[in-house]
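These are the residues of each chain, in order.
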Amino acid sequence: MNAPPPNSLRTGPDERGWFGDYGGRFVAETLMPLVLALEDAYRAARADPAFAAEMNSYLTHYVGRPSPLYFAERMSAHCGGAKIYFKRDELNHTGAHKINNVLGQIMLARRMGKRRIIAETGAGQHGVATATMCARFGLDCVVYMGAVDVERQKPNVFRMQMLGAQVRPVTGGARTLKDAMNEALRDWVSNVDTTFYCIGTVAGPHPYPTLVRDFQSVIGEETRAQMLAAEGRLPDSLVACIGGGSNAMGLFHPFLDDKDIEIFGVEAAGEGLDGPRHAASIAGGRPGILHGNRTYLLMDDDGQIAEAHSISAGLDYPGIGPEHAWLADLGRVTYLSATDAQALEAFQLCCRLEGIIPALEPAHALAKVLELAPRRPPDHLMVMNLCGRGDKDIFTVAEHLGSRL
Amino acid sequence: MTTRIDTRFAALKAADRAALVTFLMAGDPDFDTSLAVLRALPGAGADVIEIGMPFTDPMADGAAIQAAGLRALAGGQNMQRTLALVRALRAGDARTPVVLMGYYNPIYVYGVARFLADARDAGVDGLIVVDLPPEEDAELCLPALAAGLNFIRLAAPTTDARRLPKVLTNTSGFVYYVSVAGVTGSAAPDTGAVAAAVARIKAATALPVAVGFGVRTPEQAAAIARCADAVVVGSALVEALHARGGGDAKDPARAVTAVSDLVARLAGGVRGARTRAPST
């Protein structure tokens, strides 16, 4: 348990799916053979150059990669410190980083001969990305979404339906993202022969945290090359928001062994960490087991899972990917948090200074950039992952600002 | 180490009949009703008592048991009270095996060593923890076996011949065959397929094989009891409790009657399953 940190932080997990004390495969026996089959299929796909070639072709021509690394000049001037760059993953097809992962998983599903895809979604971004790729490849798509979220995110529900997906509202439990994930697992256990479960973040039983991270690592790999081209050197710091943590893991992973680079993950502090209404699993949670892995969770003293809260439905999850839990314990990544109010303020600032309407998720990251950048020198290169666009959030923001749309 | 589970199955084998295993959620809908219902089970014909440990996120359970867990939590149930429930049940019944069933997180948070000590002390005989496959045996299975508790593993229709030995290793008490790939309370199993699967498992182990998931009626229970060593009924009992006495208007006496009546009918099915017409 107290093993020294490995020489490289990029070799995890071990063959049993562990990042230190986190991760693992905590699933029912019915699912265990499926999880093992997925692991085999992923290993074979990684060894097959044709898989990478096909994936790269779709990333270029369908998703629209590489996404730009953009020098946010006015934001930098406003902060009066570091040079701030935005990695513009909000410019991807479907408007967020989610599609990087979905593309990879759908290609795996096709290799495995699975014709029916299920997914969970909170804000609807992962659901929309999954519905999109299923439409593109002619696959059946069922998306589980908490009944509360279906009501909160009507535009995305309609988008998924237009794309041919069936959206099933989940009325059990607390009716939000964690319950949607429970219901997707129940579907998977009931349809083992036909169905591929496309998980939206770096969580779930091994190998999901690994394969989702790998598919999202295109973000960090592009950032390395783009920063070298722009500035002739690597960045000095990285900042990304964290719900489950897939956009952050994708940006961070290629840089974990560059010891001089500061890395910051930003959790959602909701209405504040002193009360129960937040979604900061590392700041306010402790280790436990949910949805197939051990990681930091929000829960009560009896091990009952708590409801997360954030203004951003995409960060509204009571857990975090196990690799983040491990990086937090090691101290390699510093985990901060931003409140609903701070995110709203950063959201508006980004609109007015840069002409970019960000999603509320990366607005949390920006809120911390606004604190970190002024304390860094002018030659400090800071990269923030602008992982989603804010069109989906205008109703929420309008409501909080007292406007009626 | 011989447990109450081993003793009970040996006795039933000698009597040439299958066991009826009943599942109810601890504290559903409240502690007192739950205890009253549990106390009546052996008299009604239950041979092994499974008690659910409530959890907010029961990913292998269907609607009935999900709702039962949430009702129990709303009624103030927690791990300490679940162990207290077993202790109270055990005070009046020294022989009926008691198995706790649920998910790992509440055990992990309670503390594995403390849980095993307290569970044994309360009179628990075995554990079924849905989200602990053999790959994670170091977490709870091996410590439980060392503490003298049975660790009862689930085998599923997806468990193929190559994997089965891995599932059977470190399993004790009995093997619980999940009769359908699905959640609890799902469609009735196909008896022919179940018989084939039970035969496959029995060829690989000397342990008794119980069959559950989707068994609701005395007729279904009888059909399973012809090929398996035990029949597990859960969702149907949980629904009976909730529909007649445990619902909004709580009435312990009616809950006891409703559950006991169904258990008696199920026990009739199980006990009559292997009797043949007397030879002339």
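Because the structure is predicted, anything quoted here is derived from the model rather than measured. (Residues numbered from 1 in each chain as written. Chains lettered and ligands numbered in written order. Predicted model: local features only at pLDDT ≥ 70, side-chain atom pairs only at ≥ 80, totals over all residues. Heavy atoms only, no water.)

1. Remarks on the overall build of chain A
At step 1: When helices and strands are tallied, chain A shows 16 helices and 14 strands.
At step 2: Taken over C-alpha atoms, the radius of gyration comes to 20 Å for chain A, in line with the 22 Å a tight globule of 405 residues would show.
At step 3: Taken over the C-alpha atoms alone, chain A extends approximately 55 × 50 × 50 Å along its principal axes.
At step 4: Per-residue burial over chain A gives 64% buried out of 405 residues.
At step 5: Of the roughly 14200 Å² of accessible surface on chain A, 51% is carried by carbon and sulfur atoms.
At step 6: Taking the average location of the 39 positive side-chain charges in chain A and that of its 47 negative ones, the two points are 4 Å from each other. (Helix = DSSP H or I, 4+ residues; strand = E, 2+ residues; numbered from the N terminus. Rg over C-alpha atoms; globule rule 2.2 N^0.38 Å. Buried < 20%, exposed > 50% of the residue type's maximum accessible area, 1.4 Å probe, protein only. Areas by Shrake-Rupley, 256 points an atom, 1.4 Å probe, with all protein chains shown as cover. Lys, Arg positive; Asp, Glu negative; His and termini not counted. Charge placed at Lys NZ, Arg CZ, Asp CG, Glu CD.)

2. Remarks on the pattern of salt bridges
Pairing between side chains becomes possible if they bear opposite charge and their charged atoms approach one another.
All names here are of chain A.
At step 1: A complete count under the given rule lists 44 salt bridges over all chains for this structure.
At step 2: Arg 116 is paired through a salt bridge with Asp 187; the nearest N and O atoms lie 2.8 Å apart. Of the two residues, Arg 116 is situated in strand S5 (residues 116–121) and Asp 187 in helix H8 (residues 177–190); the sequence distance between them amounts to 71 residues.
At step 3: For Asp 187, a relative accessible area of 6% translates into the label buried.
At step 4: Notably, a salt bridge pairs Asp 214 with Arg 213, separated by 3.1 Å at the nearest N-O pair.
At step 5: Here the salt bridges do not stand alone but share partners, grouping Arg 25, Glu 39, Asp 40 and Arg 43 into one network. (Salt bridge = Lys/Arg side-chain N within 4 Å of Asp/Glu carboxyl O.)

3. Comments concerning the side chain of Lys 368 of chain A
Residue and element names in this part refer to chain A.
At step 1: Residue placement: Lys 368 occurs in helix H15 (residues 360–372).
At step 2: For Lys 368, a relative accessible area of 8% translates into the label buried.
At step 3: Within the structure, the side chain of Lys 368 is placed 3.0 Å from the backbone oxygen of Ser 337, a separation counted as a polar contact. (Polar contact = N/O pair within 3.5 Å; in protein donor to acceptor, adjacent residues only side chain to side chain.)

4. Thoughts on the packing of aromatic side chains
At step 1: Within this structure, the stated rule accounts for 17 aromatic pairs over all chains.
At step 2: A centroid spacing of 6.4 Å and a plane angle of 40 degrees characterise the contact between Phe 51 of chain A and Phe 215 of chain A, whose relative ring orientation is tilted. Here Phe 51 of chain A, found in helix H2 (residues 49–63), pairs with Phe 215 of chain A, found in helix H9 (residues 208–216); they are 164 residues apart in sequence, far enough to count as distant.
At step 3: For Phe 215 of chain A, a relative accessible area of 5% translates into the label buried.
At step 4: Chaining the aromatic ring pairs together yields one cluster made of Trp 18 and Phe 26 of chain A together with Tyr 104 and Tyr 108 of chain B.
At step 5: Sitting over the face of the ring of Phe 71 of chain A, Lys 83 of chain A holds its NZ or CZ atom 5.0 Å from the ring centroid.
At step 6: In this structure, Arg 136 of chain A is placed above the aromatic ring of Phe 137 of chain A, and the distance from its NZ or CZ to the ring centre is 5.0 Å. (Phe/Tyr/Trp six-rings, centres within 6.5 Å; stacked < 30°, edge-to-face > 60°. Lys NZ or Arg CZ within 6 Å of the ring centre and 35° of its normal.)

5. With respect to the pairing of strand S14 (residues 381–385) of chain A
Residues and elements named next belong to chain A.
At step 1: Burial of S14 is extensive: 5 of the 5 residues sit out of reach of the surface.
At step 2: The side-chain alternation of S14 yields two buried faces, one formed by Leu 381, Val 383 and Asn 385 and the other by Met 382 and Met 384.
At step 3: Both strand S4 (residues 83–87) and S14 contribute to a ladder of 5 bridges, which runs parallel. When the bridges of S14 are listed, Lys 83 appears paired with Leu 381.
At step 4: Pairing of strand S9 (residues 237–241) with S14 involves 3 bridges; the strand directions are parallel. Bridged to Val 239 within S14 is Met 384. (Pairing = 2+ DSSP bridges.)

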